[in-house]
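Here is what each chain is made of, one letter per residue.
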Amino acid sequence: MAGFIIGFLVIIAILALVFTNIRVVPQSKAFVIERLGTYYSTWDTGLHLKLPFVDRIAKIVSLKEQVVDFKPQPVITKDNVTMQIDTVVFYQITDPKLYTYGVESPISAIENLSATTLRNIIGELELDSTLTSRDTINAKIRVILDEATDPWGIKVNRVELKNIIPPREIQDAMEKQMKAERERREAILRAEGEKQSRILVAEGHKESKILEAEAEKQSAILHAEAVKEAKIREAEGEAMAIEQVQKAQAEAIKLLNEADANEAVIKLKALEAFQKAADGQATKIIIPSEIQGIAGLAEGVIGTVKDNK
């Protein structure tokens, strides 16, 4: 009975030992395994069995991209301006073995390397260039850090300058400069607005004058056409009157011819026409000889008539 109990306990102990040495590596993790104090292997995602008392997990490494924010570092520009710059580094572990055994405190190593690299780069730039060349500085730091961390199993994906803090007096000068620049732009915009306003007013006056001239031109054209039309109508009326007179005269002559009028009648008609002409305002009248004869004949006839009475 005692042997049975001891055997049962031994089996339980073995099973407990086996279960406690079974490891499941989750996604985006890696286990660095040492056997008897020496690197043995790197466990990837999945189920693994560790030999008890022989193997041990030296380090659990995250394979995700990680972000580390370093505190501000004092740097000096080429024109001797001291400023504070803090950086943010995005990195990812690509080789867990090199990360575990490559360097002691890799994050601290990256921070120090980032600070020295930043000082070297900023030392070659002036203040204005430093403030306007963030992308260039970021790219240079990333390349240098990436090359330096390759032996540590680290891939530097991105480096960003989080803050650039110049001295207080420099900040005051920059604020004054920005204020002056804003005032200058405001004055330019105001002047441009006034200029555009004057141009628009001048163009409005110009358009108004053009329209007035066009209106006067159209009015003159219409007036001229009306005068022309009136004269045409007047001329047509006169022509029609002359035509009517001529037709009346032609009709009178025709009637005389049809009536077979003798010479005496024709001469009397001429005398009547002369009488109408004499009713005018003329001061001198030349009487044709034929009419003079007719006048004498008329006087003789009138005298005969009186005698008979």
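Structural data are supplied above this passage.
None of the values given here were measured: they were computed from a predicted structure.

Reading the values: the criteria
Residues numbered from 1 in each chain as written. Predicted model: local features only at pLDDT ≥ 70, side-chain atom pairs only at ≥ 80, totals over all residues. Heavy atoms only, no water. Helix = DSSP H or I, 4+ residues; strand = E, 2+ residues; numbered from the N terminus. Buried < 20%, exposed > 50% of the residue type's maximum accessible area, 1.4 Å probe, protein only. Contact = heavy atoms within 4.5 Å. Expected span 1.5 Å × (residues − 1). Arc of directions from axis to C-beta. Pairing = 2+ DSSP bridges. Axes fitted to C-alpha atoms, helices over the stretch in contact; angles between N-to-C directions. Salt bridge = Lys/Arg side-chain N within 4 Å of Asp/Glu carboxyl O. Core = buried A, V, L, I, M, F, W, Y, C linked by side-chain atoms within 4.5 Å.

**Points about the overall build of the protein chain**
Then step 1. When helices and strands are tallied, the protein chain shows eight helices and nine strands.
Then step 2. Taken over 309 residues, the protein chain has a buried fraction of 19%.
Then step 3. Expressed as a percentage of contacts within the protein chain between residues at least 6 apart in sequence, the contacts between residues at least 24 apart total 62%.

**Some points on helix α5 (residues 134-149)**
Then step 1. With 16 residues, α5 should cover 22 Å at 1.5 Å per step; its first-to-last C-alpha distance of 22 Å lies within 8% of that length.
Then step 2. Every buried residue of α5 is accounted for by Ile137, Asn138, Ile141, Leu145, Asp146 and Thr149. Down the axis of α5, the smallest arc covering the buried residues is 155°, so these residues share one side.
Then step 3. Tucked inside the fold, the buried residues of α5 contact β8 (82-93), α3 (106-122), α4 (127-132) and β9 (154-165).

**Notes on α3**
Then step 1. Between its first and last C-alpha atoms α3 spans 24 Å; for 17 residues at 1.5 Å apiece the expected length is 24 Å, and the two agree.
Then step 2. All of the buried residues in α3 are Pro106, Ala109, Ile110, Ser114, Ala115, Thr117, Leu118, Ile121 and Ile122.

**Some points on the sheet that holds strand β2 (residues 29-35)**
Then step 1. If you trace the three strands from one edge of the open sheet to the other, you get β3-β2-β5, paired in antiparallel fashion. This sheet does not close on itself; its edge strands, each paired only once, are β3 (38-43) and β5 (55-62). Looking at each pair of strands side by side, their axes are set apart by 25° on average, direction ignored.

**Looking at the side chain of Thr117**
Then step 1. Residue placement: Thr117 occurs in helix α3.
Then step 2. Those residues within four positions of Thr117 in sequence are excluded, and the remaining contacts are Ile141 and Ile144.

**What about the pattern of salt bridges?**
Then step 1. Tallying each qualifying case throughout the model produces ten salt bridges.
Then step 2. For the salt bridge of Arg56 with Glu34, the shortest nitrogen-to-oxygen distance reads 3.0 Å. With Arg56 in strand β5 and Glu34 in strand β2, this residue pair connects regions lying 22 residues apart in the sequence.
Then step 3. Classification of Glu34 as buried rests on a relative accessible area of 9%.
Then step 4. It is possible to trace a salt-bridge network through shared partners that takes in Arg142, Asp146 and Lys155.

**A few points about the nonpolar core**
Then step 1. Counting residues in each nonpolar core, the largest one holds 27 residues, and the members touching the most others are Met83, Ile85, Val89, Leu118, Ile137, Ile141 and Leu161.
Then step 2. Residue assignment for this core shows that the elements contributing at least two residues are β8, α3, α5 and β9.
Then step 3. Leave out the neighbours within four places in its chain, and Leu161 touches Ile85, Asp86, Thr87, Leu118, Arg134, Ile137, Asn138 and Ile141.

**Comments concerning the pairing of β2**
Then step 1. Burial runs high along β2: five of the seven residues are buried.
Then step 2. Note that β2 and β5 share seven bridges and pair antiparallel. Residue pairing in the sheet places Lys29 in a bridge with Ser62 of β5.
Then step 3. Across five bridges, β2 lies against β3 in antiparallel orientation. When the bridges of β3 are listed, Glu34 appears paired with Tyr39.
Then step 4. Taking the residues that link successive antiparallel strands as the turn, the β2-β3 hairpin has two residues, and the phi of Leu36 there is positive, at about 55°.

**Digging into the environment of Leu125**
Then step 1. As for its placement among the helices and strands, Leu125 is situated in the loop between α3 and α4.
Then step 2. Spatially, the C-alpha atom of Leu125 lies 10.0 Å from that of Asn80, the residues being 45 residues apart in sequence.
Then step 3. The contact partners of Leu125, leaving out residues within four places of it in the chain, are Thr77, Lys78, Thr130 and Ile137.

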